[in-house]
Amino acid sequence: MVVRVFCIGSISGIALSAWMYLWQQLTSSKVYTLLLNVDFIPYFRQVDWNELMLNIFHIIISWAIVLVFFLLINRIGLGRWLSSIGLSLFAASVYFPLSILAKQSVPAVDDWLAIIIWYTGHLLYGLLVVKLTDLFYNRKFLGKQR
């Protein structure tokens, strides 16, 4: 299961990061900057993180989300779609506190274009988690789930 969590979390996290990067380039809305922003976290803000390290930090959070997803569907018995969409919407809801807490220039809490990009990206992330779960568990990609 650990390999699957890492694979699904990594692919989904990278896809979300690419989504935000693409939209930031197309619209100049700083959604990618917001996604990678850690300047409000004590000790983290004291380090000048490069983009790769910030993306790795984002991927680690994605691993945690996918782990919670598997716990919800396997231990608690919630459905895959309900768990995935619920976690994605929960993760997307951090848009507002992140926007408020950020020290650097990020989208405002009332920037509707940024909110739409942010929530759409996180919903696509949730969709990707379910589809990758199908690929990694229910097909012969890494063997069937035990």
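The notes below deal with the structure included here.

1. Thoughts on the overall build of the protein
Moving on, step 1. When helices and strands are tallied, the protein shows six helices and zero strands.
Moving on, step 2. When its helices and strands are written in sequence order, the protein yields α-α-α-α-α-α.
Moving on, step 3. In terms of overall dimensions, the protein is globule-like: its C-alpha atoms have a radius of gyration of 16 Å, near the 15 Å expected for 146 residues.
Moving on, step 4. For the protein, the C-alpha atoms occupy an extent of roughly 45 × 30 × 30 Å along the three principal directions.
Moving on, step 5. Sequence-distant contacts in the protein: of pairs separated by 6 or more residues, those separated by 24 or more amount to 66%.
Moving on, step 6. Total accessible area on the protein is roughly 8500 Å²; 69% of this is exposed by carbon and sulfur atoms.

2. What to know about empty space enclosed by the protein
Moving on, step 1. Within this structure, the stated rule accounts for one cavity of 30 Å³ or more.
Moving on, step 2. Computed from the structure, the largest cavity encloses a volume of approximately 40 Å³.
Moving on, step 3. Around the largest cavity sit I65, F69, S84, L87, S88, Y125, G126 and V129, which together line it.
Moving on, step 4. If you list the elements that add at least two residues to the lining of the largest cavity, you get α3 (51-76), α4 (80-92) and α6 (112-138).
Moving on, step 5. Of the residues belonging to the lining of the largest cavity, the class tally is five nonpolar, three polar and no charged.

3. Focus on helix α1 (residues 2-27)
Three or four residues apart is the spacing at which side chains of an α-helix point the same way, because the helix has 3.6 residues per turn.
Moving on, step 1. Between its first and last C-alpha, α1 extends 37 Å over 26 residues, near the 38 Å set by a 1.5 Å rise per residue.
Moving on, step 2. Buried within α1 are the following residues: R4, V5, I8, G9, S10, S12, G13, L16, S17, M20 and Q24.
Moving on, step 3. Phi turns positive one or two residues past the end of α1, at S28, with a value near 65°.

4. What about unusual backbone geometry?
Moving on, step 1. Even without being glycine, S28 reaches a positive phi, approximately 65°.
Moving on, step 2. Note on placement: S28 falls in the loop between α1 and α2 (31-36).

5. Some details on the nonpolar core
Moving on, step 1. Core analysis: the largest hydrophobic core is formed by 34 residues, its most contacted members being I8, M20, V66, F69, F70 and W118.
Moving on, step 2. Elements supplying a minimum of two residues to this core: α1, α2, α3, α4, α5 (95-101) and α6.
Moving on, step 3. A per-element tally of this core places α6 first, with 10 residues.

6. Brief notes about the environment of G86
Moving on, step 1. Tracing the backbone through its elements, the reader meets G86 in helix α4.
Moving on, step 2. Between the alpha carbons of G86 and L36 there is a distance of 22 Å; along the sequence they are 50 residues apart.

Definitions and limits used
Residues numbered from 1 in each chain as written. Predicted model: local features only at pLDDT ≥ 70, side-chain atom pairs only at ≥ 80, totals over all residues. Heavy atoms only, no water. Helix = DSSP H or I, 4+ residues; strand = E, 2+ residues; numbered from the N terminus. Rg over C-alpha atoms; globule rule 2.2 N^0.38 Å. Contact = heavy atoms within 4.5 Å. Areas by Shrake-Rupley, 256 points an atom, 1.4 Å probe, with all protein chains shown as cover. 1 Å grid on protein atoms, 1.4 Å probe; cavity = no way out; pocket = protein on both sides within 12 Å on 5 of 7 lines; lining within 4 Å. Points joined across faces, edges and corners; volume = space filled by probe spheres on them. Nonpolar A, V, L, I, M, F, W, Y, C, P; charged D, E, K, R; others polar. Expected span 1.5 Å × (residues − 1). Buried < 20%, exposed > 50% of the residue type's maximum accessible area, 1.4 Å probe, protein only. Core = buried A, V, L, I, M, F, W, Y, C linked by side-chain atoms within 4.5 Å.

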